[in-house]
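Coordinate inspection notes
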Amino acid sequence: MSSPTVAPTARERILTTAFALFYAHGIRGVGIDRIIAESGVAKATFYKHFPAKDDLVLAYLDRVDEAWSGQLHEAAAAAGPDPAAQLVGAFDALGNACRRDGYRGCAFINAAAENPAGSRIHDRTLAHKEAVRSWLTGLADEAGAPDPSGLARTLTLLLDGGLASGALDAQPDAPVAARAAAAALVTGATAR
């Protein structure tokens, strides 16, 4: 006996619709009316859940953060228990991200490009990038890097470059090249 299918809530339908549209067309390229129409909710229902478009954008970025951070952590964990191997293994997430149909680069970089510094959306992008850098700093410290913060900063720049390259030139070797560069950086920084 199969369990009954639960219909998504109105909030979930709005967020799922916004996720697809924002990523495909840009945050500022998609209006509220289109999200309401495509999610099949009433305008009052939309505004009950998201009083302003920025509230929806922040919820979208939270969902992107959960997905991307999860992919990074899973890729790192798959590399085994060694922190240096995990630093390099995290780059395996790039391969999956860049090969997705409709891939348009890093949703956070895209959002930051569309919103002014100091806005809630721009600040949310910075918080995501800082969380990734902080996690990598912890791994670099565990791996014995003499400058864990510097190594993490370099690795996040490399991750962002790999994400951008996957969207700009769509060359399938970008994730492989980024991983190889990460391996060289980690080896150089953790050699004893």
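Above this text is the structure in question.
Calculation rules
- Residues numbered from 1 in each chain as written.
- Predicted model: local features only at pLDDT ≥ 70, side-chain atom pairs only at ≥ 80, totals over all residues.
- Heavy atoms only, no water.
- Helix = DSSP H or I, 4+ residues; strand = E, 2+ residues; numbered from the N terminus.
- Buried < 20%, exposed > 50% of the residue type's maximum accessible area, 1.4 Å probe, protein only.
- Contact = heavy atoms within 4.5 Å.
- 1 Å grid on protein atoms, 1.4 Å probe; cavity = no way out; pocket = protein on both sides within 12 Å on 5 of 7 lines; lining within 4 Å.
- Points joined across faces, edges and corners; volume = space filled by probe spheres on them.
- Nonpolar A, V, L, I, M, F, W, Y, C, P; charged D, E, K, R; others polar.
- Axes fitted to C-alpha atoms, helices over the stretch in contact; angles between N-to-C directions.
- Parallel < 35°, antiparallel > 145°, perpendicular 65-115°, else oblique.
- Left-handed = near helix turned anticlockwise from the far one by under 90°.
- Core = buried A, V, L, I, M, F, W, Y, C linked by side-chain atoms within 4.5 Å.

Some remarks on the environment of Ala107
Within the secondary structure layout, Ala107 lies in helix α7 (residues 107–114). Residue Ala107 is classed as buried on the basis of its relative accessible area of 9%. Spatially, the C-alpha atoms of Ala107 and Gly26 are 8.9 Å apart, while their sequence positions differ by 81 residues. Residues contacting Ala107, with those up to four places away along its chain left out, are Tyr23, Tyr60, Leu61 and Val64.

Quick notes on the layout of surface pockets
Taken as a whole, the largest pocket encloses approximately 260 Å³ of empty space. Taken together, 14 residues make up the lining of the largest pocket; nearest its centre are Tyr23, Val64, Trp68, Arg100 and Ala107. If you list the elements that add at least two residues to the lining of the largest pocket, you get α1 (10–25), α4 (53–78) and α7. The biggest single contributor to the lining of the largest pocket is α4, with four residues. Tallied by class, residues from the lining of the largest pocket come to eleven nonpolar, two polar and one charged.

Things to note about empty space enclosed by the protein
Under the defined criterion, the tally for this structure stands at two cavities of 30 Å³ or more. Of the pockets and cavities examined, the largest cavity occupies roughly 70 Å³. Lining the largest cavity are Trp68, His128, Lys129, Val132, Thr156, Leu159, Asp160 and Leu163. Those elements that provide at least two residues to the lining of the largest cavity are α8 (120–142) and α9 (148–168). Broken down by element, the residue count for the lining of the largest cavity peaks at four residues, all from α9.

A few points about the packing of α7 against α8
Between α7 and α8, the shortest axis-to-axis distance is 8 Å and the interhelical angle comes to 150°. In terms of orientation, α7 lies roughly antiparallel with respect to α8. Crossing geometry of α7 relative to α8 is assigned as left-handed. In contact with Phe108, Ile109, Ala111 and Ala112 of α7, α8 contributes Ile121, His122, Arg124, Thr125, His128 and Lys129. Residues that form the contact of α7 with α8 fall into these classes: five nonpolar, three polar and two charged.

Structural notes on the nonpolar core
Counting 56 residues, the largest nonpolar core has Phe22, Ile35, Phe46, Leu56, Tyr60, Leu87 and Leu136 as the members making the most contacts within it. The element contributing the most residues to this core is α4, with eleven residues. Those residues in contact with Ile35, other than ones at most four positions away along the chain, are Ile14, Thr17, Ala18, Leu21, Phe22, Val30, Phe46 and Leu56.

What to know about the packing of α8 against α9
Angle between the axes and distance between the axes are the two parameters that describe a pair of packed helices. Closest axis-to-axis distance for the α8/α9 pair is 8 Å, and the angle between their directions is 130°. With respect to α9, the element α8 is oriented oblique. Between α8 and α9 lies a crossing of right-handed hand. Taken together, the residues of α9 that come into contact with α8 (itself represented by Lys129, Val132, Arg133, Leu136, Thr137, Ala140 and Asp141) are Pro148, Ser149, Leu151, Ala152, Arg153, Leu155, Thr156, Leu159 and Asp160. Considered class by class, the residues forming the contact of α8 with α9 number eight nonpolar, three polar and five charged.

Read these as spatial facts, not as claims about activity.
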